Amino acid sequence: MTGKRIQPSDAQLEITQLKSYVGQKQNMRDTLRSLGLKRPGNKVVRTADPVTVGMVNTVAHLVKVEEVK
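Figured I'd write up the structure that's included with this text. (Residues numbered from 1 in each chain as written. Predicted model: local features only at pLDDT ≥ 70, side-chain atom pairs only at ≥ 80, totals over all residues. Heavy atoms only, no water.)

1. Digging into the overall build of the chain
Part 1 of the argument: Each helix and strand counted, the chain has two helices and three strands in total.
Part 2 of the argument: Going from the N terminus to the C terminus, the chain shows its helices and strands as β-α-β-α-β.
Part 3 of the argument: Oriented by its inertia axes, the alpha-carbon framework of the chain measures out at about 35 × 20 × 15 Å.
Part 4 of the argument: Relative to its 69 residues, the chain shows a buried fraction of 35%.
Part 5 of the argument: For the chain, the proportion of contacts with a sequence separation of at least 24, taken over those separated by at least 6, is 74%.
Part 6 of the argument: Taken as a whole, the chain presents about 4400 Å² of accessible surface, with 48% of it coming from carbon and sulfur.
Part 7 of the argument: Side-chain charges in the chain split into 12 positive and 6 negative, and the spacing between the mean points of these groups amounts to 10 Å. (Helix = DSSP H or I, 4+ residues; strand = E, 2+ residues; numbered from the N terminus. Buried < 20%, exposed > 50% of the residue type's maximum accessible area, 1.4 Å probe, protein only. Contact = heavy atoms within 4.5 Å. Areas by Shrake-Rupley, 256 points an atom, 1.4 Å probe, with all protein chains shown as cover. Lys, Arg positive; Asp, Glu negative; His and termini not counted. Charge placed at Lys NZ, Arg CZ, Asp CG, Glu CD.)

2. Examining the sheet that holds strand β1 (residues 12-17)
Part 1 of the argument: Ordered by their spatial adjacency, three strands build an open sheet running β2-β1-β3, and the pairing between neighbours is antiparallel. If you trace the sheet from one side to the other, it starts and ends with β2 (43-47) and β3 (63-68), each paired once. Shown here is a sheet whose adjacent strand axes are inclined to one another by a mean of 25°, direction ignored.
Part 2 of the argument: Pairing analysis gives five bridges linking β1 to β2, with the strands arranged antiparallel. For threonine 16, the partnering residue across the bridge sits in β2 and is lysine 43. (Pairing = 2+ DSSP bridges. Axes fitted to C-alpha atoms, helices over the stretch in contact; angles between N-to-C directions.)

3. Quick look at the packing of helix α1 (residues 26-35) against helix α2 (residues 50-58)
Part 1 of the argument: Between α1 and α2, the shortest axis-to-axis distance is 9 Å and the interhelical angle comes to 135°. If you check the angle between α1 and α2, you find them oblique. Helix-helix and strand crossings are classified by hand; for α1 and α2 the assignment is left-handed. On the side of α1, the interface is formed by Asn27, Met28, Thr31, Ser34 and Leu35, while α2 contributes Thr52, Met55 and Thr58. (Parallel < 35°, antiparallel > 145°, perpendicular 65-115°, else oblique. Left-handed = near helix turned anticlockwise from the far one by under 90°.)

So, to be careful, I would describe these as geometric facts and stop short of saying anything about function.
In structure tokens:
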């Protein structure tokens, strides 16, 4: 699953940071930090609520999203 196509649901999402935020706009840096991602390779598991989905869609080009079974 990659960015912009994620919809809010009850699913658990594993979000992995793939790229660095160096050179990105400040709002994207802040969004990654709010998700709990600090550097490429870090992973977090979050519920696919509307807030989290919005944040993932903002930084879709920097992260990879997988649904946790």
